[in-house]
Every structure is written in structure tokens, then in C-alpha cells.
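Structural overview for review
Given next are the chains, with one letter for each unit.
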Amino acid sequence: MTPVQLVIFDLDGTLLNTEQLVAEVARSVVKRHGKTMTLEAIKAGSGRKPLDAWDKVIEELGLEGVTAQQLYDESEPSLRARWHEAQLMPGAARLLWHLHSHHVMLALATSTSRDTLHRKLSGKDTEGIKPLFKAVNCGDDNQHGKPAPDCFKATARELDVPPAACLVFEDAPSGVEAATAAGMRVIAVPSILDKSAYPQPDLNRHSGCCEVLPSLLSFVPERYGLPAFTDHIHGTVPLTPPWRLKGTVVKGFGRGSKELGIPTANLDAASLQAALSETTTGIYCGWASIGASSAVYQMAMSVGWNPFYKNEKKTAEPWLLHTFPEDFYGEELRLMVCGFIRPEADFTTLDALIARIHEDANVTRAAMQHEKYAVMSKDAFLLETTPQTAS
Ligand code: ADP
Ligand code: RBF
Ligand code: MG
């Protein structure tokens, strides 16, 4: 296999989480037309081109007397004004800085126009990654967009690297197709939950899809002859910054305690939607506090679709590693998510799932003692109860 000399990144959905911002703007546009955005409508539109997405939203919400083009035109100014708010995807900064510090060449190949790109990379956290790219290829640089290979080919040519020595990160099926057509190896980090939209991965390929990863946090550079990460804490990947999540404890599927002997406190859907992107799934460790109490507990949390149960709804459910005298439904739950343990997995037996969750708890107990995680238990976020407002 040719050693990797250049790593090329797609932007939206791969390095940058623009999805939440788009959903927020869409929500306010829909509201002006007298409708309330639903999770179903957001889902129906996600991963599509803007006009197609608006068509789906119109259909899903039964919006009348307005076209997709009109809604798009209404959303455009707000998006322009807010692109700088877009956050980096989980593990993006870590990966970029790691490769950069080991002198691996980095480039960006995005369908976004140069003007919009600068807006998207002008945020507090995103500005810093700009100088890391030796080449930046934008939508307006090529005649044919993805799935045509033009943007990837041009980037490799500009930096004088043969396609076989390039590794591409892409979230969209059309981007995976483009990189494959350019003769490059590509890692898919899907933004579309339908796995069948991506080619069957094979690590031994000289070009095409080598892996489909749940997030950049699961990337193992050694598999491509790149330098290994050295920041693991008891096998977990520290999240920098940690995620601060807050919500109300609601009823879950009612099987945690009963079927697994492992109670998990489910967070309400609205808080989840606001805090986590569609692609943020996995098993994490961190700290938790409840209601008016300032006591802080270790927690192992599952975020995602529970492949074992094939859930229709995404959940975030922490198991607090403490025995409580009673339930705490309806209470505020504050979570400080510090480390990534592993991706969600499917299991052939219930016992295997249970054993794995207990292993996650053991990893959590060991990792949370590490100085880097221990200090986070004193974070003000965990100690401050949100004042109740009369409704
Ligand atoms: P559900 O399906 O409704 O989430 P579970 O069987 O998973 O039900 O139990 C979760 C509930 O149990 C939580 O909402 C909380 O009120 C309570 N609970 C008690 N001890 C714990 C614990 N250690 N971790 C999480 N939740 C707990
Ligand atoms: N469910 C899965 O389907 N796959 C997993 O890999 C998985 N890992 C978990 C890890 C932890 C630490 C916890 C607390 C739960 C996990 N679950 C997983 C979720 C489990 O299926 C869920 O808690 C029950 O379905 C109860 O809702
Ligand atoms: Mg539960």
C-alpha cells in the first residue's frame, strides 16, 4: 500500500456540524408560516440538497401556499449571518491537530463556495483550523461538483501528491463516490443513517471505501500507516471541550432495570435535539448531577439508536454508577460528558450486551479517577440548578 502523504477532508457534516444550525433556522422560517417544525420533518429533510429538503418539510408539515424556493430564499440571509456559529464535529479538532503536529499534509475539498467557506470558518473554534490546510478547493473552483472526482483530483495535483497517496474523509455518499472516482482511499463518516447508502468497506482496498466509521473519534491512524494517537485515558478518548448536557429525566423504554438490571435515565427529546448532532452516537463516560442536589456521580452513557433493540428514536441514557433510594423522573439531569469509550454495537445475546455495559462501567470507574477527568467533577455546570420558571 502507498503510504499516506495527504489527508483531504470534506467540510459540512465531516469536520463541521452545520446540520443543527440549518435545523434551527428552518424552525424559525417554518414558524413564520404558522407551523411548528417537528423532529420527523427535520429528519425527512436532513442530508438532502436545500431545495429537496424544503420540499420534504413542506410535505411533512402540510405547508400550503408556499414553495421550496421561497422558503429557501427566506432561510438564506439568516444562515449567512449565522454560519460562524457552526461547531466542529466530535473528534475533528483532535484529528486535525494530531496529523498536523506529525507533519502530515492536510487539505480541504468542499462543495461550499469560497465566500460561504470563510463565513463557516470564522467561528471561535473553527477559525483555528484554517491555517492547517495546505490547499483548499471550493465549489466554485470546479466545473463539476461531487460525485465528480474533480475537486479531489485538483487538490492532489495542486500539492503534487499521487491519488494513491491520498486519504479522504467524507460524510456523504456522493463524496465517497467522488473520492473513489479520483482513485483515492476514503473513510466514510456517515451523516445519513441508512448504511446501505454507502459502499461495503474493505480496509485492504487501494482505492475506494476502506471504512465506515460512526465518528472521527473512532479513527485509528495506524491502520493507514499514520502516527497513533497518544491522548487516550484508560482507553477512552478525551472530549475537548467536554459536552455539557442538561435536560429533564423522562420515561424511557422501560427495559433498563427490568431486562438488563441496568437503570438508565433518559433525557427528554428536546434537550437532546438541541445538544447533540445526528451523528453523535457512541458510549461515553463522565459526571452527572441531579435536581437541586450538588452531589456528583460517575456515569456511563449510551447515545444513539441501541442497535441491539433497533430503536426508532435516538436516546441519550446515562447509567449513574450509584445506588439511589428512589427514581428521579421529572428532575433536571446535568451531564458533563468527558470521554468517548466506544461506538454503539450490536450483540447476538442479551447477556453479551449486559456484560459489555458492565465493562463500560469498569472503564468509567478507572478513567474518571484520572486527574484530567477528575477535575471536571468540580465544574460549575454540574453544581448549578437551573431556576424553575413559572409556565
Ligand atoms: P426507563 O426505561 O423509564 O428509563 P429504567 O428501567 O431505565 O427506565 O430506569 C431508569 C430510571 O431509574 C431513571 O429515570 C431514574 O429515575 C431511576 N434510576 C434509579 N437509579 C438509577 C441509576 N443509578 N442510574 C440511572 N437511573 C436510575
Ligand atoms: N445498546 C446497544 O444496542 N448497543 C450498545 O453497544 C449499548 N451500549 C451501552 C452502554 C452503556 C454504558 C449503557 C448504559 C447502555 C448501552 N446500551 C447499548 C443501551 C441499552 O440497550 C439501553 O440502555 C437499554 O435498551 C435500555 O433502554
Ligand atoms: Mg432508561
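Residues numbered from 1 in each chain as written. Chains lettered and ligands numbered in written order. Predicted model: local features only at pLDDT ≥ 70, side-chain atom pairs only at ≥ 80, totals over all residues. Heavy atoms only, no water.

Under an unreviewed UniProt entry, the name given to the protein chain is riboflavin kinase, and the organism recorded is Symbiochloris irregularis. Checking UniProt for the protein chain, the heading Pathway (unreviewed entry) contains the comment "Cofactor biosynthesis; FMN biosynthesis; FMN from riboflavin (ATP route): step 1/1." (UniProt positions renumbered as here; feature names shortened; annotations may be inferred.)

Val7, Phe9, Leu15, Phe169, Phe219 and Leu226 are the most contacted members of the largest nonpolar core, which has 52 residues in total. Within the residue set of this core, elements represented by two or more residues are strand E1 (6–9), helix H1 (19–32), helix H2 (39–45), helix H3 (50–61), helix H4 (68–82), helix H5 (92–101), strand E4 (105–109) and strand E6 (166–170). The element best represented in this core is H1, accounting for six residues. The next biggest cluster of nonpolar side chains, apart from the first, holds 24 residues, and it includes Leu239, Val249, Tyr284 and Ala288. (Core = buried A, V, L, I, M, F, W, Y, C linked by side-chain atoms within 4.5 Å. Buried < 20%, exposed > 50% of the residue type's maximum accessible area, 1.4 Å probe, protein only. Helix = DSSP H or I, 4+ residues; strand = E, 2+ residues; numbered from the N terminus.)

Surrounding ligand 1, one finds 20 residues, the nearest of these being Gly252, Gly254, Ser257, Asn266 and Phe328. Within the side chain of Ser257, one N or O atom sits 2.6 Å away from an oxygen atom of ligand 1. Take Asn266: an N or O atom from its side chain is 2.7 Å from an oxygen atom of ligand 1. Out of a free accessible area of 560 Å², ligand 1 has 93% covered by protein chains. (Near = heavy atom within 4 Å. Polar contact = N/O pair within 3.5 Å; in protein donor to acceptor, adjacent residues only side chain to side chain. Areas by Shrake-Rupley, 256 points an atom, 1.4 Å probe, with all protein chains shown as cover.)

Around ligand 2 there are 21 residues in total, and Arg255, Phe308, Glu317, Arg342 and Ala345 lie nearest to it. Residue Asn306 places a side-chain N or O atom 3.4 Å away from an oxygen atom belonging to ligand 2. Within the complex, 99% of the 540 Å² of free accessible area of ligand 2 lies under protein. Among the secondary structure elements, those contributing two or more residues to the shell around ligand 2 are helix H9 (256–260), strand E12 (297–304), strand E13 (315–320) and helix H11 (350–367). Tallied by class, residues from the shell around ligand 2 come to twelve nonpolar, four polar and five charged. (Nonpolar A, V, L, I, M, F, W, Y, C, P; charged D, E, K, R; others polar.)

What follows concerns the sheet that holds strand E9 (residues 237–250). Strand order in the open sheet formed by six strands is E10-E9-E14-E11-E12-E13, with antiparallel pairing between adjacent strands. A single partner strand is all that each edge strand has here, and the edge strands are strand E10 (266–267) and E13. By the bridge criterion, eight bridges tie E9 to strand E14 (residues 332–342) in an arrangement that is antiparallel. Counterpart to Trp243 in the pairing with E14 is Val337. (Pairing = 2+ DSSP bridges.)

On the protein side, the magnesium ion (ligand 3) has Thr264 (O), Thr264 (OG1) and Asn266 (OD1) as donor atoms, found 2.2 to 2.4 Å from it. Judged by relative accessible area, which is 25%, Thr264 ranks as partly exposed. Using a relative accessible area of 6% as the deciding quantity, one classes Asn266 as buried. (Donors = N, O, S within 2.8 Å, 3.2 Å for Na, K, Ca; no water.)

Our focus in this paragraph is the sheet that holds strand E5 (residues 135–137). With respect to topology, six strands assemble into an open sheet ordered E5-E4-E1-E6-E7-E8, the strand pairing being parallel. Pairing within the sheet leaves two strands with one partner each, and these edge strands are E5 and strand E8 (208–212). Mean inter-strand twist for the sheet, computed between neighbouring axes without regard to direction, equals 25 degrees. Summarising the sheet, E4 and E5 pair through three bridges and their orientation is parallel. When the sheet's bridge partners are listed, Leu108 is paired in E5 with Val136. Sitting on the sheet, H5 touches E1, E4 and E6, and the angle it makes with E1 is about 160 degrees. The sheet contacts of helix H8 (residues 173–181) involve E6, strand E7 (185–188) and E8, and relative to E7 the element is tilted by about 165 degrees. (Axes fitted to C-alpha atoms, helices over the stretch in contact; angles between N-to-C directions. Contact = heavy atoms within 4.5 Å.)

Another point: the packing of aromatic side chains. Between two aromatic rings, the relevant description is the distance of the centres plus the angle of the planes. Across all of its chains, the model carries seven aromatic pairs by this definition. Ring geometry for Tyr284 versus Phe340: centroids 5.5 Å apart, planes at 65 degrees, classification edge-to-face. A residue pair is termed long-range when its members are at least 10 positions apart, and Tyr284 in strand E11 (residues 282–290) and Phe340 in strand E14 qualify at 56 residues. The two residues Tyr284 and Phe340 agree in class, both being buried. Judged by centre distance (5.1 Å) and plane angle (65 degrees), the ring pair of Phe324 and Phe328 falls under edge-to-face. Relative accessible area serves as the criterion here: at 17%, Phe328 is assigned to the buried category. Chaining the aromatic ring pairs together yields one cluster made of Phe9, Phe169, Phe219 and Tyr224. One cation-aromatic arrangement involves Arg94 over Phe229; the distance from NZ or CZ to the ring centre is 3.5 Å. Lying over the aromatic face of Tyr329, Lys251 brings its terminal NZ or CZ to 4.2 Å of the ring centre. (Phe/Tyr/Trp six-rings, centres within 6.5 Å; stacked < 30°, edge-to-face > 60°. Lys NZ or Arg CZ within 6 Å of the ring centre and 35° of its normal.)

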